[in-house]
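Fold and geometry: a report
Listed below, chain by chain, are the residues.
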Amino acid sequence: MFTSPLRRETGSPSFVVPEHCRRRPRVVVIVVAVFCLLSSAAAASSSAMEHLMGLLRIRIHRGVNLAVRDLRSSDPYVIVRLGKQKLKTRVVRKNTNPEWNEDLTLTIADPSLPVKLFVYDKDRFSFDDKMGDAEFEFGTFVEALRMRLDGLPSGTIITRVQPTRQNCLAGESRVVWAGSKVVQDMVLRLRNVESGEIELRLEWIDIPGSRGL
């Protein structure tokens, strides 16, 4: 049967979709998903910042008369814990009166939680030996910060914390105006060991965007 060359097929026209057009919806979905993930991360970060008060910087000065755990000396280092946070100083070799002068910085959301310190002797071929522990509270330091003092003569004593059976202070701890900031110096007597003290200083760092003090 003769078919006219002018006859057209009925139904929907058939055509090939260009490759870049077929891929575009998938690309859009990926972009939207990434945007949602970033938005969620930003929201979570913002929420976490709202719960933070600031940073507590602990300057670990030195150890005094630490216990001997090797033949004649020890290789001490300090671990600082607050909740799930854990920080560590470097190891000082063969010294029971080590000087670290290291800053360890903790994020603070609840100033009522105590900071715990653990001293260890580094061993190469066995578990590290314990050299005592201590803890301290810093609520008095935070209260001094909330006073928002300014312009005091350097060295002005703001408040004092006395040693008691309930704390690890080896002597009176003073909260002082030093230069342009509030600091607290303290000496901690180590527990569960024959001897040893740790000298440290507290400083505060504000975080932009946090709830603050």
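Residues numbered from 1 in each chain as written. Predicted model: local features only at pLDDT ≥ 70, side-chain atom pairs only at ≥ 80, totals over all residues. Heavy atoms only, no water.

Those residues of helix α2 (residues 139–146) that sit buried are F141, V142, A144 and L145. When α2 is viewed along its axis, its buried side chains cluster within an angular range of 160 degrees and face the same direction. Elements in contact with the buried residues of α2: β1 (54–64), β7 (156–161), β8 (173–178), β9 (181–189) and β10 (197–205). Immediately downstream of α2, the backbone of R148 shows phi near 55 degrees, a positive value. (Buried < 20%, exposed > 50% of the residue type's maximum accessible area, 1.4 Å probe, protein only. Helix = DSSP H or I, 4+ residues; strand = E, 2+ residues; numbered from the N terminus. Arc of directions from axis to C-beta. Contact = heavy atoms within 4.5 Å.)

Relative to the helices and strands, D121 resides in strand β5 (residues 115–121). No salt bridge is formed by the buried D121. Its closest oppositely charged neighbour is R69, at 6.7 Å. The contact partners of D121, leaving out residues within four places of it in the chain, are R69, D70, S74, D75, P76, Y77, D128, D129 and M131. (Lys, Arg positive; Asp, Glu negative; His and termini not counted. Salt bridge = Lys/Arg side-chain N within 4 Å of Asp/Glu carboxyl O.)

What follows concerns the sheet that holds β1. Spatially, the 6 strands line up as an open sheet ordered β4-β1-β10-β9-β8-β7, and their pairing is antiparallel. Strands with a single pairing partner mark the edges of an open sheet, and in this sheet they are β4 (99–108) and β7. In this sheet, adjacent strand axes meet at a mean angle of 25 degrees when their direction is disregarded. The pairing of β1 with β10 spans 9 bridges and is antiparallel. When the bridges of β10 are listed, R59 appears paired with R201. Along the sheet, α2 contacts β1, β7, β8, β9 and β10; its crossing angle with β9, the most-contacted strand, is approximately 170 degrees. (Pairing = 2+ DSSP bridges. Axes fitted to C-alpha atoms, helices over the stretch in contact; angles between N-to-C directions.)

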